[in-house]
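# Architecture at a glance
Chain by chain, the residues:
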Amino acid sequence: MEINSKIEKAKKGDQVAFTFLLDYFWNEVYSFMLKRTENETTAEDVTIETFSKAFDKIASYNPEFQFNTWLIAIAKNVYIDLLRKKKTSLFIEITDTEDQQAYNIADTTPSAEDALIKEQNLSRLLLCIKELKPHYQEVIQLRYFQELSYQEIADKIDEPLSNVKVKILRAKKLLAEIINRNR
């Protein structure tokens, strides 16, 4: 079967095989996540993260199981991790004293130091983005700075939606490597 040969090629690092698998299984994973999240952006983000994790760990894929079942299992875990992160960031117990202290703070605007730190971090991030190839810079800029959807990006750069998904996936991985290298 063609899928099995693509999986084997992907295990050997074949980018064309990765792209084929992403295209072939994208709708199934995305639809699964959309039903659970009821949010297109969250479903897209979880799906991208799912394929990223799957391609990172493709060597551990056991062909005794269906590939789509393996992807769905990864998607479930990515979504559970996302919910845990949201839960821990949303539900922090605050004592009455802490609540009163927070209420008594008159000025919540960022200090000059806060603004400087934010500006420096953004500056560093932009320098890292500039290390990417121009086509990766463009999709990062459109997705995360202009906040366009994947389809809007595809329309804007006149490329198929599947190419945009792959470019963003690769751009994020490369950017993470650059950031880690520059620390």
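Whatever comes next refers back to the structure up there.
What counts and how
Residues numbered from 1 in each chain as written. Predicted model: local features only at pLDDT ≥ 70, side-chain atom pairs only at ≥ 80, totals over all residues. Heavy atoms only, no water. Helix = DSSP H or I, 4+ residues; strand = E, 2+ residues; numbered from the N terminus. Buried < 20%, exposed > 50% of the residue type's maximum accessible area, 1.4 Å probe, protein only. Contact = heavy atoms within 4.5 Å. Expected span 1.5 Å × (residues − 1). Polar contact = N/O pair within 3.5 Å; in protein donor to acceptor, adjacent residues only side chain to side chain. Salt bridge = Lys/Arg side-chain N within 4 Å of Asp/Glu carboxyl O.

## Some remarks on the environment of Ile 58
One can find Ile 58 in the loop between α3 (40–56) and α4 (67–90). Under the relative-accessibility criterion, Ile 58 is labelled buried at 3%. The spatial distance from the C-alpha of Ile 58 to the C-alpha of Phe 18 is 9.9 Å, given a sequence separation of 40 residues. With sequence-adjacent residues up to four places away left out, Ile 58 is seen in contact with Ile 7, Ala 10, Lys 11, Phe 18, Leu 21, Phe 67 and Trp 70.

## Quick notes on α3
Across its 17 residues, α3 extends 24 Å between first and last C-alpha, which sits within 8% of the 24 Å expected from 1.5 Å per residue. Within the sequence span of α3, burial applies to Thr 42, Ala 43, Glu 44, Val 46, Thr 47, Ile 48, Thr 50, Phe 51, Ser 52, Ala 54 and Phe 55. Where α3 begins, the capping side chain belongs to Asn 39, and its oxygen is found 3.0 Å from the backbone nitrogen of Thr 41.

## What about the pattern of salt bridges?
On inspection of all chains with the given rule, the structure shows eight salt bridges. Across the pair Lys 53 and Glu 49 runs a salt bridge, and its minimum N-O distance is 3.8 Å. In this pair, Lys 53 and Glu 49 are both assigned in helix α3, four residues apart and thus about one turn of the helix distant. A salt bridge links Arg 84 to Asp 81; the shortest N-O distance between them is 3.7 Å. Of this pair, Arg 84 and Asp 81 both sit in helix α4, separated by three residues, roughly a single helical turn. Of the residues examined, Arg 84 reaches a relative accessible area of 54% and is grouped as exposed. Asp 81 sits in the partly exposed class, given a relative accessible area of 34%. Within the structure, one salt-bridge network assembled from shared partners comprises Glu 44, Asp 45 and Arg 143.

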